[in-house]
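These are the residues of each chain, in order.
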Amino acid sequence: QVQLVESGGGLVQAGGSLRLSCAASGIIFSIRTAGWYRQAPGKQRELVATMTSGGTTNYADSVKGRFTISRDNAKNTVNLQMNSLKPEDTAVYYCNVLEPITKVRSWGQGTQVTVSS
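Residues numbered from 1 in each chain as written. Predicted model: local features only at pLDDT ≥ 70, side-chain atom pairs only at ≥ 80, totals over all residues. Heavy atoms only, no water.

Draft legend 1. Up close: the state of the cysteines. Here the structure, examined in full by the defined rule, presents one disulfide. The disulfide bridge from Cys22 ends at Cys95, spanning 2.1 Å between sulfur atoms. Around the S-S axis, the bridge from Cys22 to Cys95 shows a dihedral of about -80 degrees and counts as left-handed. Taken together, the residues Cys22 in strand β3 (residues 18-25) and Cys95 in strand β9 (residues 91-98) connect sequence positions 73 residues apart. Overall, Cys95 belongs to the buried group, its relative accessible area being 0%. (Disulfide = S-S within 2.5 Å. Helix = DSSP H or I, 4+ residues; strand = E, 2+ residues; numbered from the N terminus. Buried < 20%, exposed > 50% of the residue type's maximum accessible area, 1.4 Å probe, protein only.)

Draft legend 2. Seen up close, the sheet that holds strand β8 (residues 77-82). Read from one edge of the open sheet, four strands run β1-β3-β8-β7, paired in antiparallel fashion. Here the strands that pair on one side only, and so sit at the sheet edges, are β1 (3-7) and β7 (67-72). The mean inter-strand angle of the sheet, taken between neighbouring strand axes irrespective of direction, is 15 degrees. (Pairing = 2+ DSSP bridges. Axes fitted to C-alpha atoms, helices over the stretch in contact; angles between N-to-C directions.)

Draft legend 3. Examining the pairing of strand β4 (residues 33-39) more closely. For β4, the tally of buried residues reaches five of seven residues, placing the bulk of the element in the interior. Sheet topology places β4 next to β9; seven bridges connect them, and they run antiparallel. Each bridged residue has a counterpart across the sheet, and for Gln39 the counterpart in β9 is Val92. Connecting the antiparallel pair β4 and strand β5 (residues 46-51) is a turn made up of six residues, with Gly42 showing a positive phi of about 75 degrees.

Draft legend 4. Main features of the nonpolar core. Core analysis: the largest hydrophobic core is formed by 29 residues, its most contacted members being Trp36, Leu80, Met82 and Tyr93. Elements that contribute at least two residues to this core include exactly β3, β4, β5, β7, β8, β9 and β11 (111-116). Excluding residues within four positions of it along the chain, Tyr93 makes contact with Glu6, Leu20, Trp36, Tyr37, Arg38, Val48, Phe67, Leu80, Met82, Gly110, Thr111 and Val113. (Core = buried A, V, L, I, M, F, W, Y, C linked by side-chain atoms within 4.5 Å. Contact = heavy atoms within 4.5 Å.)

Following this line, the structure appears as structure tokens:
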């Protein structure tokens, strides 16, 4: 059974940094696209950044140049380094992995990121 556990959220002032980590278990992590989504109050969940098994990255325009996604297949982890945080980055951030054949998505429980102005 897939299990994704996020960590690293918290409260930070605008301009600050946070690093989110997601540890995966119960799957062959290396073959899956992994990434981060976020959901702010009253808004739909949106893509933040993803990285394929081959290392191709995709970022939301709103975070390009500020956020960096990375993964360590040996440790079954995917990370999100968030710099120059803005109040509009405030949201619950969810780790996600995509099974390449069935296209089934698995989600973590989410971690809160709050950026104060």
